[in-house]
Amino acid sequence: MEVGRFQAVIFDFDGTLGDSMAAMMRAYRIWADEFGVSMDALCDFHGVPSRTVSEALLPADLVDRASARIEELEVADAEGVVALPGAFEALAALSDSRRAIATSCTRPLINVRLPATGLPIPKVLISRDDVERGKPSPDPFLAAAEALGTDPTRMLVCEDAPAGVKAARAAGMKVLAVLTNYDADALGADWHVPDLSHVVFDETADGVQVELR
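Everything numeric in this text was worked out from a predicted model, so none of it was measured.

What exactly am I supposed to notice about the nonpolar core here?
Taken as a class, soluble globular proteins show a tendency for nonpolar side chains to be buried jointly. Phe11, Leu17, Leu156, Leu176, Leu196, Phe201 and Val210 are the most contacted members of the largest nonpolar core, which totals 29 residues. Discounting chain neighbours no more than four positions away, the residues touching Leu17 are Phe11, Asp12, Val82, Ala83, Leu84, Ala87, Leu91, Ile101, Leu119 and Leu196. Counting residues in hydrophobic clusters, the runner-up holds 22 residues, among them Met155, Val165, Leu187 and Ala189.

Can you walk me through the environment of Val81 in this structure?
Inspection of the secondary structure assignment puts Val81 in the loop between α3 (60-75) and β4 (82-83). Among residues more than four places away in sequence, those in contact with Val81 are Asp19, Ser20, Ala23, Arg113, Ala116 and Thr117.

I'm lost on the pattern of salt bridges in this one. Help?
Oppositely charged side chains may form a pair once their charged atoms are brought near each other. Summed over the entire model, instances satisfying the criterion amount to 14 salt bridges. Between Asp14 and Arg113 there is a salt bridge, with its nearest N and O atoms 3.1 Å apart. Taken as a pair, Asp14 in the loop between β2 (8-11) and β3 (18-19) and Arg113 in helix α5 (residues 107-117) lie far apart in primary sequence, 99 residues in all. Accessibility expressed as a relative area gives 1% for Arg113, which makes it buried. The partner of Asp190 in a salt bridge is Arg169, and the shortest N-O contact between them spans 3.0 Å. Within this pair, whereas Asp190 is found in the loop between α8 (184-187) and β9 (191-193), its partner Arg169 is found in helix α7 (residues 162-170), the two being separated by 21 residues in sequence. For Asp190, a relative accessible area of 29% gives the class partly exposed.

Explain the sheet that holds strand β6 (residues 125-126) here, please?
The strands that make up a sheet pair up through hydrogen bonds in the backbone, lying either parallel or antiparallel. Taken together, the six strands give an open sheet; going across it, the order is β6-β5-β2-β7-β8-β9, and neighbouring strands pair in parallel fashion. The outermost strands of the open sheet, each flanked by one partner alone, are β6 and β9. Strand direction decides the pairing type here: strand β5 (residues 99-102) and β6, joined by two bridges, are parallel. Looking across to β6, one finds that Ile101 is bridged to Leu125. The sheet strands contacting helix α6 (residues 139-148) are β2, β5, β6 and β7 (155-159), and the helix crosses β5 at an angle near 150°.

Could you clarify how one ought to interpret the pairing of strand β11 (residues 207-212) in this entry?
Note on strand geometry: in a regular strand, side chains alternate between the two faces of the sheet. Summarising burial for β11: five of the six residues are buried, a large majority. When strand β1 (residues 2-6) meets β11, the two strands line up antiparallel, connected through four bridges. By the bridge assignment for β11, Phe6 is matched with Val208. As defined by bridge partners, strand β10 (residues 199-204) adjoins β11 across six bridges and the pair is classed as antiparallel. Of the residues in β11, the one forming a bridge with Phe201 is Val210. The hairpin turn running from β10 into β11, its antiparallel successor, is two residues long.

Where do I start with the packing of α3 against α5 in this structure?
Two quantities define a packed helix pair, namely the angle between the axes and the distance from one axis to the other. Where α3 meets α5, the closest approach of the two axes is 9 Å, and the angle between their N-to-C directions is 15°. Classified by the angle between their axes, α3 and α5 sit roughly parallel to one another. Crossing hand, α3 versus α5: left-handed. Note on element contacts: α5 touches α3 through Pro108, Leu109, Val112 and Arg113, opposite Glu71, Glu74 and Val75. Residues that form the contact of α3 with α5 fall into these classes: four nonpolar, no polar and three charged.

I keep staring at α6 and nothing clicks. Help me out?
Residues spaced three or four apart along an α-helix face the same direction, because each turn holds 3.6 residues. Turning to α6, its buried residues number three or more, namely Asp139, Pro140, Phe141, Ala144, Ala145 and Leu148. For α6, the elements touching its buried residues are β2, β5, β6, β7 and α7. At the exit of α6 stands Gly149, carrying a positive phi of roughly 70°.

Would you explain the packing of aromatic side chains in this entry?
One pair of aromatic rings is described through two measures. These are the centre distance and the angle between the planes. A complete count under the given rule lists three aromatic pairs for this structure. Aromatic pair Trp31 and Phe35: ring centres 5.7 Å apart, planes at 35°, arrangement tilted. One end of the pair, Trp31, and the other, Phe35, are both in helix α1 (residues 21-35), four residues apart, so they sit about a helical turn from each other. Summarising the burial analysis for this pair, Trp31 and Phe35 share the class buried. Feature note: the residues Tyr28, Trp31 and Phe35 constitute an aromatic cluster, connected by ring pairs.

Reading guide: rules and limits
Residues numbered from 1 in each chain as written. Predicted model: local features only at pLDDT ≥ 70, side-chain atom pairs only at ≥ 80, totals over all residues. Heavy atoms only, no water. Core = buried A, V, L, I, M, F, W, Y, C linked by side-chain atoms within 4.5 Å. Buried < 20%, exposed > 50% of the residue type's maximum accessible area, 1.4 Å probe, protein only. Contact = heavy atoms within 4.5 Å. Helix = DSSP H or I, 4+ residues; strand = E, 2+ residues; numbered from the N terminus. Salt bridge = Lys/Arg side-chain N within 4 Å of Asp/Glu carboxyl O. Pairing = 2+ DSSP bridges. Axes fitted to C-alpha atoms, helices over the stretch in contact; angles between N-to-C directions. Parallel < 35°, antiparallel > 145°, perpendicular 65-115°, else oblique. Left-handed = near helix turned anticlockwise from the far one by under 90°. Nonpolar A, V, L, I, M, F, W, Y, C, P; charged D, E, K, R; others polar. Phe/Tyr/Trp six-rings, centres within 6.5 Å; stacked < 30°, edge-to-face > 60°.

Pasting the structure below:
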């Protein structure tokens, strides 16, 4: 099935390219216990920057300390972080002018998690620290498009979380979602696949042809 031709592709990291769920949950269990937060309250914040989680769930006077603590816990634990099916092939199929990562991870965190997967590291890598507002704001995807020198409306975003889909839509981009953590109804993307092994990325002289298999 043909998806279309795009100038470039932007990938989310957690849940799209890499599986860091076990490490993430270990960190958040410690954090939730320390700050008196129910783990159930965290369910709606997948794909959202950790500071946004702290701002939503804690009093204002605790936000700075809580944000620093979850960052400390997550950066210290990359055990078991691995590449998801099809991730290596997807990145390897594209040159640096046609690929980017835009993640809700901070720069220190993505600098730990991405190397742990063994995936190739794109030249354009937008972290939460590189933009004023994180997902579901469009800022991360617009920053990636600007860095690539491409028209946002001719970009494809690969995502796994509702916040990321919303951000991509706000940026005017098409979205291909992987069903790592949510079903198609919850994501509402343009296309849905179990993982990136079901997608073929074919770079040509004038863009990237994307097909589902």
